[in-house]
Amino acid sequence: MTTTQRPWSERLEIVRGDITCQQVDAIVNSANPSLLGGGGVDGAIHRRAGPQLLEECRKLGGCATGEAKITAGYNLPARHVIHTVGPIWKGGDQNEDELLAQCYRSCFALAEKHGLRSLAFPSISTGAYHFPLDLAASIALREIIVGLERLPYLDKVTVVCFDDRTWTCYQQALAAYKERTGT
Ligand code: APR
């Protein structure tokens, strides 16, 4: 497998859009422990993937918070869906930060196991799960950059922001990371 020597900053993209349109090896779904669908990005992914996705999810036996499971993408342009379950924000003293970081690490572990070359993430837990957006963005970017540095053959990771506020927050978090680390 050819490796890419490009620095992480050339392999990370933050875009404004709809993750169900991303033509990548895997899109990440922000699911709930049942893995049987829901609203938000979970609902959008299941709608676009079609009923076979739910059929496969039924066989997975659910997913714990912080963990991730992979399925096919069916009618989506993405080959796979990686379903992860983010923490519900309960004020910040229930280990939410670490659980959110674990979601990203679990997704990268599956990307490595399946030799995926491109990945797209939504802003996990910042919708119905009410995780503060600025804190979630800094955790997400830190873990995504670690993942990119750990997997040199991973050509592209895209963070797909569904609204302007999320896009602005991720851009600010990236700028802050670069300033803090001098990268
Ligand atoms: N593409 C990209 N991002 C999207 C899309 C989409 N099509 N639809 C929604 N989003 C964004 C939201 O705007 C938010 O920024 O995904 C982010 C996560 O929001 P939610 O989908 O509400 O997910 P989350 O906060 O992690 O809550 C998960 O909601 O839908 C249920 O079953 C799901 O119980 C679980 C919970």
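Source: prediction; values computed, not measured.

Inspection of the region around the ligand gives 21 residues, with S30, G39, V41, D42 and G127 positioned closest. One nitrogen or oxygen atom from the side chain of N32 is found 2.8 Å from an oxygen atom belonging to the ligand. In this structure, T126 approaches the ligand through a side-chain N or O atom, which is 3.5 Å from an oxygen atom. In the complex, 89% of the free accessible area of the ligand, which totals 700 Å², lies under the protein chains. Taken together, the elements giving at least two residues each to the shell around the ligand come down to β2 (26-31) and α1 (40-49). Considering every element that reaches the shell around the ligand, the biggest residue donor is α1, with 4 residues.

Let us look at the sheet that holds strand β3 (residues 68-72). Across the sheet, which stays open at both edges, the 6 strands sit in the order β1-β6-β5-β2-β4-β3 with mixed pairing between neighbours. Edge positions in the sheet fall to β1 (12-16) and β3, since each has one partner strand and no second. With strand direction ignored, the average angle separating the axes of adjacent strands in the sheet is 25 degrees. For strand β5 (residues 118-121) and strand β6 (residues 156-161), the ladder comprises 4 bridges, and the chain directions are parallel. Bridging from a neighbouring strand, S118 pairs with K156 of β6. Running over the sheet, α1 touches β2 and β4 (80-85) and is turned about 130 degrees from β2. The strands that helix α4 (residues 133-150) touches are β1, β5 and β6; relative to β1, the one it contacts most, it runs at about 140 degrees.

This brings us to the environment of R11. When its relative accessible area of 3% is taken as the criterion, R11 is described as buried. In this structure, the C-alpha to C-alpha distance between R11 and E98, residues 87 residues apart in sequence, is 24 Å. A distance of 2.9 Å separates the side chain of R11 from the backbone oxygen of R6, its partner in a polar contact.

Positive phi outside glycine occurs at L35, with the angle close to 60 degrees. By the element assignment, L35 lies in the loop between β2 and α1. If you check the backbone angles, N95 has positive phi at about 65 degrees while not being a glycine. Note that N95 resides in the loop between β4 and α3 (96-113). When its relative accessible area of 46% is taken as the criterion, N95 is described as partly exposed.

Turning our attention to α3. Between its first and last C-alpha, α3 extends 26 Å over 18 residues, near the 26 Å set by a 1.5 Å rise per residue. Directly beyond the C-terminal end of α3, a positive phi value near 60 degrees is found at G115.

Attention now moves to the pattern of salt bridges. Applying the stated criterion to the full structure yields 8 salt bridges. Its salt-bridge partner being D25, residue R79 comes within 3.5 Å of it at the nearest N-O pair. Residue R79 is located in the loop between β3 and β4, and its partner D25 is located in the loop between β1 and β2; the two are separated by 54 residues in the primary sequence. Across the pair R105 and E143 runs a salt bridge whose closest N-O atoms are separated by 3.1 Å.

Thresholds, definitions, all that
- Residues numbered from 1 in each chain as written.
- Predicted model: local features only at pLDDT ≥ 70, side-chain atom pairs only at ≥ 80, totals over all residues.
- Heavy atoms only, no water.
- Near = heavy atom within 4 Å.
- Polar contact = N/O pair within 3.5 Å; in protein donor to acceptor, adjacent residues only side chain to side chain.
- Areas by Shrake-Rupley, 256 points an atom, 1.4 Å probe, with all protein chains shown as cover.
- Helix = DSSP H or I, 4+ residues; strand = E, 2+ residues; numbered from the N terminus.
- Pairing = 2+ DSSP bridges.
- Axes fitted to C-alpha atoms, helices over the stretch in contact; angles between N-to-C directions.
- Contact = heavy atoms within 4.5 Å.
- Buried < 20%, exposed > 50% of the residue type's maximum accessible area, 1.4 Å probe, protein only.
- Expected span 1.5 Å × (residues − 1).
- Salt bridge = Lys/Arg side-chain N within 4 Å of Asp/Glu carboxyl O.

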